[in-house]
Amino acid sequence: GMAVEVGRPGVGAKLGELELIAVALAEKGIIFEPRNPVTFLFEDAKTGRLKPELKNEKVLSAIIEFEVKLDQLRGVLQTLKEVSGKVETVFSVDLISFPEEKEKGAALEIAKELGFPVYPNGKVNLGLGRALNR
């Protein structure tokens, strides 16, 4: 899996910037995670186009999630490099895998080869934003 965290770290972004990235990914045949909250903001998830009334909304961050096969990874990372010069915000790229996956090493090597700095940090969402006292 992969994620693109638009506006992170600490800068924020207009959702129109997210759309530029999503459209570029959709053109590569990426299918966005249907249960991701950002996917509900798309007017058309197949094209990555947002609902027009949302494009000027500012957010602290928004995360695009999708699956990518190893043979797609190089093209997806190259697309993200290209689109990085067209957006007016920052974004972080996440490679998501389980430690026991033998393909993990290949994905990291492709990212390094394309000049992406690799930080093998983990991220765990604890779900602290949900109501616990029902």
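All right, on to the overall build of the protein chain then. Helices and strands together make up the secondary structure of the protein chain, namely three helices and seven strands. If you list the helices and strands of the protein chain from N to C, you get β-β-α-β-β-β-β-α-β-α. Out of the 134 residues belonging to the protein chain, those deemed buried represent 34%. Partitioning the contacts of the protein chain with sequence separation of at least 6, the portion at a separation of at least 24 is 75%. Just so you have it, the protein chain exposes about 8900 Å², and 53% of that area is on carbon and sulfur atoms.

Attention now goes to helix 1 (residues 15-27). Count 3.6 residues to each turn of an α-helix, and residues three or four apart come out pointing the same way. Here helix 1 is 13 residues long and its end C-alpha atoms lie 18 Å apart, about the 18 Å a rise of 1.5 Å per residue gives. The element helix 1 is largely enclosed, with a buried count of 11 among its 13 residues. Here helix 1 has its buried residues at Leu-15, Gly-16, Glu-17, Leu-18, Glu-19, Ile-21, Ala-22, Val-23, Ala-24, Leu-25 and Ala-26. Just downstream of helix 1, Gly-29 is the residue with a positive phi angle, here 85 degrees.

Our next topic: the packing of aromatic side chains. Scanning all chains against the criterion turns up two aromatic pairs. Geometrically, the ring pair formed by Phe-32 and Phe-42 is tilted, given 5.1 Å between the ring centres and 40 degrees between the ring planes. Of the two residues, Phe-32 is situated in the loop between helix 1 and strand 3 (42-44) and Phe-42 in strand 3; the sequence distance between them amounts to 10 residues. Exposure class is identical for Phe-32 and Phe-42. Each is buried. Residues Phe-32 and Phe-66 carry aromatic rings whose centres are separated by 6.5 Å and whose planes lie at 90 degrees to one another, so their mutual orientation is edge-to-face. Highlighted residues: Phe-32 in the loop between helix 1 and strand 3 and Phe-66 in strand 6 (residues 62-66), separated in sequence by 34 residues. Neither Phe-32 nor Phe-66 differs from the other in exposure class; each is buried.

This next bit is on the nonpolar core. Ranked by internal contacts, the top residues of the largest apolar core, which has 33 residues, are Val-4, Ile-21, Leu-25, Ile-64, Phe-66, Leu-77 and Leu-80. Those elements that provide at least two residues to this core are strand 1 (2-6), helix 1, strand 6, helix 2 (70-84) and helix 3 (104-113). The biggest single contributor to this core is helix 1, with seven residues. Residue contacts for Val-4: discarding those within four places in its chain leaves Ile-21, Leu-25, Ala-62, Ile-63, Ile-64, Phe-66, Leu-80, Phe-91 and Ser-92.

Helix 2 packs onto helix 1 with a crossing angle of 145 degrees between their chain directions and a minimal axis gap of 10 Å. Viewed along their axes, helix 1 and helix 2 form a crossing whose handedness is right-handed. Where helix 1 abuts helix 2, its residues Leu-20, Ile-21, Ala-24 and Leu-25 lie against Val-76, Thr-79, Leu-80 and Val-83. For the contact of helix 1 with helix 2, the per-class residue count stands at seven nonpolar, one polar and no charged.

What follows is about the environment of Pro-37. Position of Pro-37 among the secondary structure elements: in the loop between helix 1 and strand 3. Put simply, Pro-37 and Ile-64 are 27 residues apart on the chain and 8.8 Å apart in space, counted from C-alpha to C-alpha.

The rules behind each value
Residues numbered from 1 in each chain as written. Predicted model: local features only at pLDDT ≥ 70, side-chain atom pairs only at ≥ 80, totals over all residues. Heavy atoms only, no water. Helix = DSSP H or I, 4+ residues; strand = E, 2+ residues; numbered from the N terminus. Buried < 20%, exposed > 50% of the residue type's maximum accessible area, 1.4 Å probe, protein only. Contact = heavy atoms within 4.5 Å. Areas by Shrake-Rupley, 256 points an atom, 1.4 Å probe, with all protein chains shown as cover. Expected span 1.5 Å × (residues − 1). Phe/Tyr/Trp six-rings, centres within 6.5 Å; stacked < 30°, edge-to-face > 60°. Core = buried A, V, L, I, M, F, W, Y, C linked by side-chain atoms within 4.5 Å. Axes fitted to C-alpha atoms, helices over the stretch in contact; angles between N-to-C directions. Left-handed = near helix turned anticlockwise from the far one by under 90°. Nonpolar A, V, L, I, M, F, W, Y, C, P; charged D, E, K, R; others polar.

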